[in-house]
Amino acid sequence: MRLHDIFANITANDIARITSDLVCFDTTNPPGNERHAVEYIAELLKPQGYECRFIEHEPRRATLYACLKGSGERGALVLNGHVDVVPVGAGGWQHPPFAGVIEDGKVWGRGSADMKGGVAAMVVAAKAIAQANLPLRGDLVLAATAGEEVDMIGAKSLSSLPDAPTWQAVIISEPTSNRLGLAERGVFWTEITTYGKTAHGSTPELGINAVMMMVKLLSEFEKLEIPFQPHSVLGNFTRSVNTIQGGVKVNVVPDQCSAMIDMRTLPSQNHIELLRLLESFLTRMETEFPDLKAAIRVVHDLPSAETPYGSEAVQKFLAAAKTYCGMDITLVKVPFATEAAIFVPTLSVPTMIFGPGDPALAHQPDEFIEITEMEKAAKIYAAAAVEMLVN
Ligand SMILES: [Zn+2]
């Protein structure tokens, strides 16, 4: 039986070792330095017949596009994961963050859960599919990206590859504890700045206090109605004013004050319309308070992404997990933005977020991943590849 043979080549030892090796490459972003990690993955896939191509970003940064050629009758299945990690932060590490310690059935270290363990599970699944030598009706691609934690340069470059085949689906192995995420909220960060006029602190009547203008503005912003349709999985749109900076000295009237607002948007919302609404709010404030001058700047902009549950790719994925692995996959709300925010809007490709590891451990000290969870995920990736590319 095909699947049985493929599963025999997916071993816990192999996955644990690859995860551990990947953790040992320090890919803290910034600066990233992902090249050594993706070259290591390419060395594992090349002997299995994968054509490996590097998309260069900077001298020590690259994204890997590794392709096992199919007949082209169907679109490619893309197994995707990022190899950069967030900084270690201050203390609290029982196991050194870049040692890749394997202990108690877990691999420990920065990036183990987010998401080198998921990438390792995909690499082992990709190797096992190649070893089975099946006639593939579409390409099987392993895309290991740089830059996800900062600006998604890797995903952006993949979605604009000039000669890439059509993709039938993407599976992203971000940690979801092996549950399936189909939707995520958008990220829309803006900075509002108020401008005043400086004066000596003892003569405030000669100045215009930008901090006090910001106080007025933000108290009105709290009342501003921003329309949205609540989403069955994602819940509500949220906004939160999370930083504020103004003034230079206690005896100087401040002439500038800035506040950063974190907004998380839903599929029913459009960021261009949202920006227009905020701009017209500022214009209204300037009319109501003649001394007030304000400007807005977009700092980070990732749209919300959603793949329909009923889409063929999702149904095939669920059927493969059930039939070949005996797993009923449950749906989950993805609490963070993933590269789906690039793939879904630019390529209109069904994108599933499914990976081993507890999402609560992402970006935390003493991050770890359970080896059995990675093994399960790897088998599901392989089963999904057979369902989408062979059957
Ligand atoms: Zn991640």
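First things first, this report covers the structure right here in the doc.

About the thresholds
Residues numbered from 1 in each chain as written. Predicted model: local features only at pLDDT ≥ 70, side-chain atom pairs only at ≥ 80, totals over all residues. Heavy atoms only, no water. Core = buried A, V, L, I, M, F, W, Y, C linked by side-chain atoms within 4.5 Å. Buried < 20%, exposed > 50% of the residue type's maximum accessible area, 1.4 Å probe, protein only. Helix = DSSP H or I, 4+ residues; strand = E, 2+ residues; numbered from the N terminus. Contact = heavy atoms within 4.5 Å. Axes fitted to C-alpha atoms, helices over the stretch in contact; angles between N-to-C directions. Parallel < 35°, antiparallel > 145°, perpendicular 65-115°, else oblique. Nonpolar A, V, L, I, M, F, W, Y, C, P; charged D, E, K, R; others polar. Pairing = 2+ DSSP bridges.

Considerations on the nonpolar core
Formed by 70 residues in total, the largest nonpolar core has its most connected members in Ile 41, Leu 140, Ile 171, Phe 317 and Met 352. Ranked by the residues each element gives to this core, the list is headed by helix α10 (residues 371-389), at 13 residues. Once residues within four sequence positions are removed from consideration, Phe 317 is found in contact with Ile 171, Leu 180, Met 352, Phe 354, Ile 380, Ala 384 and Met 388. With 26 residues, the next largest nonpolar core counts Leu 158, Leu 161, Ile 172 and Val 187 among its residues.

Notes on the packing of helix α2 (residues 12-24) against α10
Where α2 contacts α10, the axes come no closer than 9 Å and their chain directions differ by 110°. Here α2 is positioned roughly perpendicular relative to α10, judged by the angle of their axes. Contact with α2, carried on its side by Ala 12, Ile 15, Ala 16 and Thr 19, involves Ile 371, Met 374, Glu 375 and Ala 378 of α10 and no other residues of that element. Per-class residue counts for the contact of α2 with α10 are 6 nonpolar, 1 polar and 1 charged.

Brief notes about the sheet that holds strand β10 (residues 238-246)
One open sheet holds the 4 strands; their spatial order is β10-β11-β9-β12, and the pairing between them is antiparallel. Each end of this open sheet is capped by a strand with a single partner; those strands are β10 and β12 (293-302). Adjacent strand axes in the sheet meet at a mean angle of 20°, parallel and antiparallel pairs treated alike. With 8 bridges joining them, β10 and strand β11 (residues 256-265) adopt antiparallel strand pairing. In the sheet register, Ile 244 faces β11, and the bridge partner there is Ala 259.

Worth remembering: the numbers are spatial, not functional.
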